[in-house]
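Chain and residue survey
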Amino acid sequence: MSEVVSYELNENIGVIRVNNPPVNALAQVVREGILNAVTEAQNDGSEAIVLACEGRTFIAGADITEFGKPPRDPWLPEVLSAIENSSKPVVAAIHGTALGGGFEVALACHYRCAVPSAKVGLPEVKLGLLPGAGGTQRVPRVAGVKAALEMITSGNPVAASKARDMGLIDEVLGDEDVCAGAIQYAKSLIQSDAPLKRIRDITIDASSIEPDFFANARKQLARRARGQIAQDRIVSCLEAAVELPMDEGLERERELFKELVSSPESAAMRHIFFAERQAAKIKDVPKDTPLRPINKVAILGGGTMGGGIAMCFANVGIPVVMLEINDEALERGMGIIRKNYTITVQKGKLAEDKMEDRIALISGTTSYDDIGDVDLVIEAVFENLDLKKEVFGKLDAACKQGAILATNTSYQDVDAIAEATSRPEDVVGMHFFSPANVMKLLEVVRGAKTADDVLATVMQIGKKIGKVCALSGVCYGFIGNRMLGGYGREAQMLLMDGCTPAQVDGALEGFGMAMGPLAMGDLAGLDVGYKARQARTDLPDDPKLYRMGTLLVEMGRHGQKTGSGFYKYDPETRKRMSDPEVEALIKEEAAKLNIEQRAISDEEILARCFYPLINEGAKILEEGIAQRASDIDVVYIYGYAFPVAKGGPMHYADSVGLKKVYDKICEFRDRYGEEYWQPAPLLQQLAEQGKSFAQWDKERGAA
Ligand SMILES: NC(=O)c1ccc[n+]([C@@H]2O[C@H](COP(=O)([O-])OP(=O)(O)OC[C@H]3O[C@@H](n4cnc5c(N)ncnc54)[C@H](O)[C@@H]3O)[C@@H](O)[C@H]2O)c1
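These numbers come from a predicted model, not from an experiment.

Let's shift gears to the pattern of salt bridges. Enumeration according to the criterion identifies 51 salt bridges in this entry. Asp247 is the salt-bridge partner of Arg200, the closest N and O atoms lying 3.2 Å from each other. Separated by 47 residues along the polypeptide, Arg200 in the loop between helix 7 (178-191) and helix 8 (213-225) and Asp247 in helix 10 (residues 246-261) bring together distant segments of the chain. Relative accessible area serves as the criterion here: at 47%, Asp247 is assigned to the partly exposed category. The closest approach of N and O atoms between Glu699 and Lys691, which form a salt bridge, is 3.0 Å. Residue classification places Glu699 among the partly exposed residues on the basis of a relative accessible area of 47%. Judged by relative accessible area, which is 25%, Lys691 ranks as partly exposed. Each of Arg489, Glu490, Asp497, Arg598, Glu604, Arg608, Lys664, Glu667 and Arg671 takes part in a single network of salt bridges with overlapping partners.

This part covers the sheet that holds strand 6 (residues 111-114). Strand order in the open sheet formed by six strands is 1-2-3-4-6-9, and the pairing between neighbours is mixed. Looking at which strands have only one partner, the edges of the open sheet turn out to be strand 1 (5-10) and strand 9 (171-172). Sheet topology places strand 6 next to strand 9; two bridges connect them, and they run parallel. Bridging from a neighbouring strand, Ala114 pairs with Val172 of strand 9. Across the sheet, helix 1 (residues 28-41) lies against strand 1, strand 2 (13-18) and strand 3 (48-53), angled at about 25° from strand 1, the strand it touches most.

So, on to the state of the cysteines. Counted by the stated rule, this structure contains zero disulfides. In this structure Cys53 is a free cysteine whose sulfur lies 9.7 Å from that of Cys179, the closest cysteine sulfur available. On the accessibility criterion, Cys53 (5% relative accessible area) is buried.

Turning next to the site of the ligand. Taken together, 22 residues surround the ligand, and among them Met305, Glu324, Glu383, Lys388 and Asn408 come closest. Contact between the ligand and Glu383: an oxygen atom at 2.5 Å from a side-chain N or O atom of the residue. The contact in question runs from an oxygen atom of the ligand to an N or O atom on the side chain of Ser410, over 3.0 Å. Look at the ligand: alone it shows 830 Å² of surface, and the protein chains cover 80% of it. Elements represented by at least two residues in the shell around the ligand include exactly helix 12 (304-314), helix 15 (385-398) and strand 15 (427-432). Among the elements that line the shell around the ligand, the one with the most residues is helix 15, at three residues. Of the residues belonging to the shell around the ligand, the class tally is nine nonpolar, nine polar and four charged.

Our next topic: the sheet that holds strand 16 (residues 441-445). The strand order across the open sheet built from eight strands is 12-11-10-13-14-15-16-17, with neighbouring strands paired in mixed fashion. Where the open sheet ends on each side, the last strands, each with one partner, are strand 12 (362-365) and strand 17 (468-472). Here the average twist between neighbouring strands, direction ignored, is 25°. In this sheet, strand 15 lies alongside strand 14 (residues 404-407) in parallel orientation, the contact comprising three bridges.

Let us now look at the environment of Tyr569. In this structure, Tyr569 sits in strand 18 (residues 568-569). Using a relative accessible area of 9% as the deciding quantity, one classes Tyr569 as buried. Each C-alpha atom of the pair Tyr569 and Asp522 lies 9.8 Å from the other, and the pair is 47 residues apart in sequence. Ignoring sequence-local partners within four residues, the contact set of Tyr569 consists of Ala519, Asp522, Gln560, Gly563, Ser564, Arg574, Lys575, Arg576 and Met577. For Tyr569, the side chain forms a polar contact with the side chain of Asp522, separated by 2.7 Å.

Glancing now at the domain arrangement of the protein. The domains assigned to the protein are domain 1 (5-261), domain 2 (297-474) and domain 3 (477-703). Averaged C-alpha coordinates put domain 1 and domain 2 at centres separated by 43 Å.

Rules of the game
- Residues numbered from 1 in each chain as written.
- Predicted model: local features only at pLDDT ≥ 70, side-chain atom pairs only at ≥ 80, totals over all residues.
- Heavy atoms only, no water.
- Salt bridge = Lys/Arg side-chain N within 4 Å of Asp/Glu carboxyl O.
- Helix = DSSP H or I, 4+ residues; strand = E, 2+ residues; numbered from the N terminus.
- Buried < 20%, exposed > 50% of the residue type's maximum accessible area, 1.4 Å probe, protein only.
- Pairing = 2+ DSSP bridges.
- Contact = heavy atoms within 4.5 Å.
- Axes fitted to C-alpha atoms, helices over the stretch in contact; angles between N-to-C directions.
- Disulfide = S-S within 2.5 Å.
- Near = heavy atom within 4 Å.
- Polar contact = N/O pair within 3.5 Å; in protein donor to acceptor, adjacent residues only side chain to side chain.
- Areas by Shrake-Rupley, 256 points an atom, 1.4 Å probe, with all protein chains shown as cover.
- Nonpolar A, V, L, I, M, F, W, Y, C, P; charged D, E, K, R; others polar.
- Domains from an automatic or database assignment.

Right under this line is the structure:
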């Protein structure tokens, strides 16, 4: 046999074992090995065949490094046919996770058994794909169309016992070695003269499916798709499973798989898949940097952010002390935490006793004496540099040597904060996003003196609490918020030029943003930006600039919390509605400033709002604030709900073409002024060289 697939006879059972660490991915050698083994087993003394895997898991999926390369024989469908057409029963022995192509291999077997801890699933949709080796045809045949729709469009794995209830697994074994259990199971099949059960032979009863089932499914999925197309194609495959014979259904599945594999949406999602893993790596911090143990954490400030951050640690069993200014503030903070957990319990996502366990891990104090023993402090007090410096001075005096002192500041200078201590090497930024217990992004901010082991530890603890981490250098707003400046500015400038708020947000939401910038302003509170602008001295003196945002705040329209902002809101449902009063006001203000309003296309809205993001991203790259363009994409996908099907702003720029982006920015500069539109030198350079940000990343090498 091959190096990665072995075959041997164990009495009357032929045993195929795959050994392709770390996850037994379906590389070409694995496919070939299985095919050869099944072929050999047809002509030996075996009466049944067991397919099992070594190591920690059953086949956990395709070898994604093969994506985009020319296919190499044998194709997976050929291997599956050989299994399905075997004259002797083939039993899949599942442990760990049988995912994607791995689960499709199992589905081609005549029987599936699994240990109780095993999971099965078809996660292809998460990469903008669909299961292309029969998954969409076989799952509905055994589990029903409705269950198949849920499983394949969510991509979420299913535990062994549930998979048995769904019919996807025939037998949940005891806790014994999976291969030994499967051999016993195969013997029992031989003894009972069990038939060769082929899923392909099952016909779905079309009359059992409501006539509008697929149309409704499409509608529901479209609401969440945000530019993704895979879900829609999965519905088409399931329709084919109902309407067409197996082989034609498989053909349809293959066709749609091919469409997706070469689609820009899937390319974007695969880009993010790799980018996310890269982002956690710091280029000049060695992989084997020793980590500091983090067994207890203190959070300073139990407000909006502090409470959410405390929950992140309690959720993974790490005790937290929350320090507040007085008992009242502490009680308020603990109350919010309890309320948030209660909502999770009500949604059925957390058991009540688990909630109590987690809350019990969070204690409160008003004294620095109680945080002397913690390994990590995260400061989330008011956004004020003097206050933060004072707090860090106190931390320096109170905390043990070696404790990591982190700040969750959004805009303040991490180096200035570090200098308020005698140990700037222990100081780092941990910039969470609101709501901190939900949002996946953690920007890790490296100060001028932050020690390597502090960075490595924070990256690791970030991962432990379920965050996607990206490294940022010190600058105003770090990667994400710094880039946002021009985006929000242009959204408001477009109003002056002739757009309604609904048109601006509509174009960006049509692109796939979860919420347009004006609606987002209403949600966050227009007064927040207003106050921030008042504190700035670097803004051009231009009456157009943020004119509507400023006027609305002065009229008492602070956004959702006051019932109106750029929009008005239904007091009961909070549904946003266009407000003719605002639209008239925009026209009036434009007239006052002699701005001739005009019709503006969605294309211009996208360019005006996104190109400043991209341009600032290029500056951030050349200044070394971000390590890679792909890190910036990760920041925007996980922190700002940029649509994953577009791959983040830098990937999006690459897909448009940097020359085109650059030329447009020059055009905007000539039209709207240099103070707003100044092309980044790196963007100009790449545009002139005909290069992309992806190439720029590649030339600088992986970590
Ligand atoms: N709200 C966001 O969306 C967001 C997002 C990322 C980062 N941040 C940053 O997080 C920090 C906190 O923001 P927030 O929105 O949670 O503010 P917040 O006003 O909701 O909470 C701040 C809390 O800090 C407490 N506090 C003030 N001084 C303190 C002190 N000396 N010691 C202990 N506690 C003290 C206050 O009582 C209050 O409960 C800020 O630096 C902010 O920029 C906020």
